[in-house]
Amino acid sequence: MDLISGEKLEKMTSMEKIRLILDKVKTGRIVVLESGLTPDEEVRLIEMTMTEIRVDEFSGIEIESYPSKKEGSFFDKIFGRSIKGRMTVIGPANQIRTIEKDKYQISTKVSVGD
Amino acid sequence: MGFISSFKNSLGAWIKSIFKKKRAKIGIYGPPNAGKTTLAKRIVHDWSGDDDFGNVSHIPHETRRAMRKEGVVINANGSSIELDIVDTPGMATKIDFKEFMAFGLSEAESKKRAKEATEGVIEAIKWLDDLDGVLLVMDSTEDPYTQVNVTVIGNMEARKLPLLIVANKMDLPNASPDRIKAAFPQHAMVQISALEGSNIDDLYKAIAINFG
């Protein structure tokens, strides 16, 4: 399992983040992103995942993040800051399964090995 | 050319405001088997009389190409709105052909459907860039905290585009729209049965309010 800091993610472009995630997940690793992805990066990750699905090799990803907060703070609005992504867990679809999820907690089951 | 084009746009907006004719391109999104095509068929049937819009199946990813119906005029809540309805393929983060085999499809058919389903998800994502609003269809009997729901809602919020949640399958005994409302309280929600047509007038009123 790889825990990737928000600081590292901030320095990466969207494409670099998506490539890093997919390369790790395709080799069976679980990735935890401290600061998550933006909504646009999430759909681009799903899009890229679809192009890389191969029969008997890679069936896709399991990705779990929390719903966005209701709205940004007063200062976020004043300064036009977008709401930051929230902690996100991503893994191979055949190895990670969500047991339960709500606004505040994500419970997942991870299978190790075949 | 820039001035002429800008003038044309302004003139168009001015004429539109005078005649109060509103038009919006609305995408129907959701996970596979939430009832997107059943809903799209009902809207198109109710307001254009067309009965030949999309196929419905219990096998996931039946819709693997986006279907579009232009110029559907909905009259509700004292106003009129013209919609281009786009029924999109089910969004998913994983597609395993073996899941289709469990529905009785052959291995070859399952692999073909899986390949087409991946292309369908990509097409659904591409449509997000070209819409004025989204009807997000959720199965009221299922857990609403799916990543597809979270991602679609996050994208609409980031783009500041209107979103209406449709809590579908209210005809089923274990439907629980309250769970959906609790999960996404910041968005308008209408509970319906697209299959039976119950509460469908409430949906049309909500469409007029949210997209008009």
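What this report covers is the structure whose coordinates are included nearby. As the structure is a computational prediction, the values presented were derived from the model and not from experiment.

1. Digging into the overall build of chain B
Helix and strand counts for chain B come out as seven helices and six strands. When the helices and strands of chain B are placed in sequence order, the string is α-β-α-β-β-α-α-β-α-β-α-β-α. Scaling as 2.2 N^0.38, a compact globule of 212 residues should have a C-alpha radius of gyration of about 17 Å, and chain B matches this with 18 Å. Seen along its three principal axes, the alpha-carbon backbone of chain B occupies a region of about 55 × 40 × 35 Å. Looking at chain B residue by residue over its 212 residues, the buried ones come to 41%. For chain B, the share of sequence-separated contacts (at least 6 apart) that also reach a separation of at least 24 residues comes to 71%.

2. Things to note about the overall build of chain A
A tally of helices and strands in chain A yields four helices and six strands. Going from the N terminus to the C terminus, chain A shows its helices and strands as β-α-α-β-α-β-α-β-β-β. Relative to its 114 residues, chain A shows a buried fraction of 28%. Sequence-distant contacts in chain A: of pairs separated by 6 or more residues, those separated by 24 or more amount to 67%.

3. Examining the nonpolar core
Grouped together as the largest cluster of nonpolar side chains are 65 residues, with contacts concentrated most on Leu 136, Val 137, Ile 165 and Val 166 of chain B. Once residues lying within four places of it in the same chain are set aside, the contact partners of Ile 165 of chain B are Leu 136, Met 138, Ile 180, Phe 184, His 187, Ala 188 and Met 189 of chain B.

4. Observations concerning unusual backbone geometry
The bulk of non-glycine residues show a negative phi, and the bulk of peptide bonds are trans. Residue and element names in this part refer to chain B. Despite not being glycine, Lys 160 shows a phi value in the positive range, around 55 degrees. When you line up the elements, Lys 160 lands in the loop between helix H5 (147–159) and strand S5 (163–168). Backbone geometry at Lys 169 places phi at a positive 70 degrees, although glycine is not the residue there. Here Lys 169 lies in the loop between S5 and helix H6 (177–183).

5. What about the sheet that holds strand S2 (residues 31–33) of chain A?
All names here are of chain A. Within the open sheet, the four strands sit side by side as S1-S2-S4-S3. Their pairing is mixed. Two strands lie at the open edges of the sheet, namely strand S1 (2–4) and strand S3 (61–65), each paired on one side alone. Across the sheet, the mean angle from the axis of one strand to that of its neighbour is 15 degrees, orientation sign disregarded. As judged from the three bridges shared by S2 and strand S4 (residues 88–92), these two strands associate in the antiparallel manner. By the bridge assignment, Val 31 is partnered in S4 with Ile 90.

6. With respect to the packing of helix H3 (residues 39–52) of chain A against helix H4 (residues 107–127) of chain B
Between H3 of chain A and H4 of chain B, the shortest axis-to-axis distance is 9 Å and the interhelical angle comes to 155 degrees. Our classification of the angle between H3 of chain A and H4 of chain B gives roughly antiparallel. Of the two elements, H3 of chain A crosses H4 of chain B, and the hand of that crossing is left-handed. Of the residues in H4 of chain B, those touching H3 of chain A at Val 43, Ile 46, Glu 47 and Met 50 of chain A are Thr 118, Val 121, Ile 122 and Ile 125 of chain B.

7. Examining the pairing of S3 of chain A
Residue and element names in this part refer to chain A. Here S3 lies mainly inside the structure; five of its five residues are buried. The sheet contact formed by S3 and S4 spans five bridges and is antiparallel. Bridged to Ser 65 within S4 is Thr 88.

8. Considering the interface of chain B and chain A
Counting residues at the interface gives 23 residues for chain B and 24 residues for chain A. Breaking the side of chain B that touches chain A down by element, the ones donating at least two residues are H4 and H5 of chain B. Looking at the side of chain B that touches chain A, the element that brings in the most residues is H5 of chain B, giving eight residues. When grouped by side-chain class, the residues that make up the side of chain B that touches chain A number twelve nonpolar, seven polar and four charged.

9. Here's the deal with the environment of Asp 46 of chain B
Residue and element names in this part refer to chain B. By the element assignment, Asp 46 lies in helix H2 (residues 36–48). Taking the C-beta count within 10 Å as the criterion, Asp 46 has 15 such neighbours and is therefore assigned partly exposed. Along the chain, Asp 46 and Ser 57 lie eleven residues apart, while their C-alpha atoms are 21 Å from each other.

10. Section: H5 of chain B
In this model, H5 of chain B (13 residues) spans 18 Å end to end at C-alpha, consistent with the 18 Å of a helix rising 1.5 Å per residue. With eleven of 13 residues buried, H5 of chain B is to be regarded as a mostly interior element. Tucked into the core, H5 of chain B has its buried residues touching H3 and S3 of chain A together with strand S1 (22–29), strand S4 (133–139) and S5 of chain B. Remark: Lys 160 of chain B follows H5 of chain B within two positions and exhibits a positive phi of approximately 55 degrees.

11. Points about the sheet that holds S5 of chain B
All names here are of chain B. Strands sit in the order S2-S3-S1-S4-S5-S6 across an open sheet of six strands; the sheet is mixed. Since the sheet does not close on itself, it has two edges, and those belong to strand S2 (67–76) and strand S6 (188–191), each with one partner. Geometrically, the sheet is characterised by an average inter-axis angle of 30 degrees between neighbouring strands, direction not taken into account. Summarising the sheet, S5 and S6 pair through four bridges and their orientation is parallel.

The rules behind these values
Residues numbered from 1 in each chain as written. Chains lettered and ligands numbered in written order. Predicted model: local features only at pLDDT ≥ 70, side-chain atom pairs only at ≥ 80, totals over all residues. Helix = DSSP H or I, 4+ residues; strand = E, 2+ residues; numbered from the N terminus. Rg over C-alpha atoms; globule rule 2.2 N^0.38 Å. Buried ≥ 20, exposed ≤ 12 C-beta atoms within 10 Å, placed from the backbone. Contact = placed C-beta atoms within 7 Å. Core = buried A, V, L, I, M, F, W, Y, C linked by C-beta atoms within 7 Å. Pairing = 2+ DSSP bridges. Axes fitted to C-alpha atoms, helices over the stretch in contact; angles between N-to-C directions. Parallel < 35°, antiparallel > 145°, perpendicular 65-115°, else oblique. Left-handed = near helix turned anticlockwise from the far one by under 90°. Nonpolar A, V, L, I, M, F, W, Y, C, P; charged D, E, K, R; others polar. Expected span 1.5 Å × (residues − 1).

On their own, these measurements won't tell you what the molecule is for.
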